[in-house]
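# Working through the structure, step by step
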Amino acid sequence: MSQHDTTQSLRQGPDSRGFFGDFGGRFVAETLMPLILDLQREYEAARKDPLFADELARLSADYVGRKSPLYFAERLTEHLGGARIYLKREDLMHTGAHKINNALGQILLARRMGKRRIIAETGAGMHGVATATVAARFGMECIIYMGSTDIHRQQPNVQRMQLLGAKVIPVTAGDGTLKDAMNEALRDWVTHVDTTFYIIGTVAGPHPYPAMVRDFQSVIGQEVREQLFDKEQRLPDSLVACIGGGSNAMGLFHPFLDDPDVALIGVEAAGEGLDTPRHAASLKGGRSGVLHGNRTFLLQDAEGQISDAHSISAGLDYPGIGPEHAWLHAIERAEYVAASDREALDAFTLLCRKEGIIPALESSHALAEVIKRAPGLPQDHLMVVNLSGRGDKDMTTATQCLAEELGLDTANGPV
Amino acid sequence: MTSPATSQGRLAQRFAATRQQGRAALVTYIAAGDPDYATSLATLKGLGEAGADVIELGMPFTDPMADGPAIQHATRRALEGGQTMDRTLEMVRELRRVDTLTPVVLMGYYNPIYARGVERFLDQAKAAGVDGLIVVDLPPEHDDELCLPAAKAGLNFIRLATPTTDAERLPSVLANTSGFLYYVSSNGVTGGAAPSAERVKQELDRIRAHSDIPVAVGFGIRTAAQAKEIGAFADGVVVGSALIDAQASGETPQAGTQAVLELTRELANALAQAGHAPSR
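Residues numbered from 1 in each chain as written. Chains lettered and ligands numbered in written order. Predicted model: local features only at pLDDT ≥ 70, side-chain atom pairs only at ≥ 80, totals over all residues. Heavy atoms only, no water.

Moving on, we get to the overall build of chain B. Helix and strand counts for chain B come out as 13 helices and 9 strands. Relative to the globule expectation of 19 Å for 280 residues, the C-alpha radius of gyration of chain B, 17 Å, shows essentially globular dimensions. Expressed as lengths along the three principal axes of its C-alpha atoms, the size of chain B is roughly 45 × 40 × 30 Å. Burial status across chain B gives 62% buried among its 280 residues. Considering only residue pairs separated by 6 or more positions, chain B has 73% of its internal contacts joining residues 24 or more positions apart. Of the accessible surface of chain B, which amounts to about 10000 Å², a share of 51% is contributed by carbon and sulfur atoms. Taking the 25 positively charged and 32 negatively charged side chains of chain B as two groups, their mean positions are separated by 4 Å. (Helix = DSSP H or I, 4+ residues; strand = E, 2+ residues; numbered from the N terminus. Rg over C-alpha atoms; globule rule 2.2 N^0.38 Å. Buried < 20%, exposed > 50% of the residue type's maximum accessible area, 1.4 Å probe, protein only. Contact = heavy atoms within 4.5 Å. Areas by Shrake-Rupley, 256 points an atom, 1.4 Å probe, with all protein chains shown as cover. Lys, Arg positive; Asp, Glu negative; His and termini not counted. Charge placed at Lys NZ, Arg CZ, Asp CG, Glu CD.)

Next comes the structure, spelled out in C-alpha cells:
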C-alpha cells in the first residue's frame, strides 16, 4: 500500500504515471497510448492557458448557470432534528446535473485539439445529455453509447440526446449497462483515433481522465467553500455525496482534502443489499483490479471476471470507482458507506415532500446517508450534500416503485 | 532483457525455422473453452498438425475492450461454459502431452492474471508449457507489472505495435518485447477491416530498421489470399476472428473443429506458396 506523509498536501495527485498511491495508471491498448499521452500534454497546456480558463468560466456562468446555489434545507433539517443541512444545487444547472461541468471542459479541449467527432458513454443518461448538449453548442458530431437496459429505464434522456442531434447507440453486450457502454466507447475510440475525442463522464479511465474530470468538477467544492463561508463564516463539518464512478463526490471533496476537520462521506449504491450479489458498492464489496484503463476497486469474482453491478439508479450502476476514491479509501481520508435501493427511494420521497425538490435517484443515495447520520449530530454541525442531479429522468422508475405506497395516479403516467 | 531461456525457447526456434524455410509463420488464435472445454481442446490439439506454427490461446475475460464481436461472443460462450484460468492452463498441459513443439502464447487482458497473482500465474503458466504472453492492456509504461516478471520467469512477452506507435514510442515498445512483435495492421478492434498490404509493408520496414525481432501481422486477416499477400513480407500472419467464426459455423461442435482445421490447412498452404522475400 502506498504511504503518504500527513504533512504533505493530499491534493497533488496523481504522480507522473497517473497513480494515486497504488491506484490509477494507464492500462490501455497500445493504439490508444499515443492519444492518451497527447491528451495529457494538451490538457497540461490548456490548464496553463488563461484564455482557456476565461472561456470555461464565461460559459460556465452564462451557459451552464453557475454558481449553483448552496441552499439551506430548513424543513429537512427540522425534520431530522440534528445537523444543519445544506444542499449544493447542481440539479439546477443546465441539463439538470453536475455532468455538464466536465462535458463543457472536455469539449473545449477537443476543439483545441482539432477533434470534430465526440463520443461518450452514459449510464443514467445525464452525461450523455450533457455531452450531446455541448456537442450541439460547438457544432460537433456526437455519438453516445448506452446500455440497452439503461435505454429502457431512462427513456426521457434518450429522447433528449436524440433531440440534441446525438446518435444514441444501444449496447447489448454484457448486462447492457454502463460498463458495457464504456467498453463499446473504447472500441469506437480505438477505431477512430484520428478524428475522435472521447469525453469520459466520470473520474475513472486511463490517466489523465481521473485528474482532468476531477479538475473540471472541482468548481463544485470551490463554490461550496466560498458560499458556506459567506453564510456560516466557516468550513463545513461534513460533506456527503453519492458515488458511481465518483465525479460529483470528487468535485465536492477535492478542494477540502487538506482540511482534516472536514469529514468526507461517499455513498455507494447497496442495491438490494451488500449481502446479496445485487449491488454496486465497489469499495464495500469489491477488491483491487484493472479495468477501463485504471487500477481501482472492482466488483469481480475470484477469477478476476468483472461482476455486473446493480442499482435502482442507472448512474451508480458501475462495478468500479474512480482511482482517487480508492486511494482516499485506502489512506482513510474519506469514509465510504452504502445506501440500498429502498433507502434511496425513501430519501427521494422525503426530499420531494419536505423541500419541494425532486432529486435524482443517484443523489437520493447521498440523502439516504444524511437521513441516517444527521439526527445524531449536534445542531451546529454543518453538513453539505451534493444534490448532483434532478429526478425528472427517474419518474418512470420512481412511479413504478412508489405508486402503491404513495397513492400515485399511474393511469395516465409514464408507466 | 531476453533471458537465455526465452531466446532459445519454442518461439525463437519456430521463427528461425520458418525463416529458414523462406516463409511466414502461421499464427492462429482460438478462445480457450469456446464453445466448451472438450471441443476447444480437440481444436487446440489439431492445430499444429493442420499447419499452425504458433498458437495463441485466448484467456476469456468479461470485458474484452480491444476485441470485435466474433471474439467477444467466443469468450462469452467460453465463460458461460465454465472456462476458468485453471482450465485454460489445463488445456496447455493436455496439448503438451501430444505436441511439445508448437509454441503456445496466452492472449488476453490483465485483470484475470492480476486477480490470480502475477508470480503464481507465471509459475503455473511456465509449468503448463506456455511460451509467451500477449496482454492487450499493458503498454510499456506498465512493464513492471507483468512484462519484466515474465521475462525473469522465462516467458516471452509479446508486445503489440500499432499504426499509432510513432517513431518516438517505437523503441520503448520494442525494448522488452521478446519472441515476436505483433503488428496490429489497422486501428480498431479484432476482426475489423482488411489491412492495406502496401501500408503494412512500409510499417514493417520502419520497425525492421530498429530491430530484427520477427514481426507477425494481425487484425482483419481472414482468407488464404489475404494471408498470402501479407505473408510475402511479414515473418508471421495472425488469423483469429475467421477461425472463431469457423468454430461457430459447424452444425455440431465436431464440425466446428473440422472447419477450423480446414481453414488452418488452407492458410498454411497459402503461406507455403507465398514464399518469403526476406527484407533484411
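Alright, that's what it looks like, and here's the rest.
Residues and elements named next belong to chain A. Over its 14 residues, helix 10 (residues 219–232) runs 19 Å from end to end, which matches the ideal 20 Å to within 8%, given 1.5 Å per residue. Taken together, the buried residues of helix 10 touch strand 3 (70–72), strand 4 (84–89), helix 4 (99–112), helix 9 (209–217), helix 11 (247–253) and strand 14 (382–387). Q233 sits one or two residues past helix 10 and shows a positive phi near 60°. (Expected span 1.5 Å × (residues − 1).)

Here the focus is the interface of chain B and chain A. Chain B puts 37 residues into the contact, and the matching count from chain A is 37 residues. Taking both sides of the interface into account, the surface hidden between chain B and chain A amounts to around 2900 Å²; carbon and sulfur atoms contribute 49%. Taken together, the links from chain B to chain A amount to 5 salt bridges. Among the salt bridges present, the one from E303 of chain A reaches R116 of chain B, with a minimum N-O distance of 3.7 Å. Where chain B touches chain A, the interface holds 20 residue pairs in polar contact (both at pLDDT 80 or more). Broken down by secondary-structure element, the contributors of at least two residues to the side of chain B that touches chain A are helix 4 (69–80), helix 6 (110–116) and strand 6 (160–161) of chain B. Ranked by the residues each element gives to the side of chain B that touches chain A, the list is headed by helix 6 of chain B, at 6 residues. In the side of chain B that touches chain A, the residues fall into 18 nonpolar, 10 polar and 9 charged. (Buried area = accessible area lost by both parts, 1.4 Å probe. Salt bridge = Lys/Arg side-chain N within 4 Å of Asp/Glu carboxyl O. Polar contact = N/O pair within 3.5 Å; in protein donor to acceptor, adjacent residues only side chain to side chain. Nonpolar A, V, L, I, M, F, W, Y, C, P; charged D, E, K, R; others polar.)

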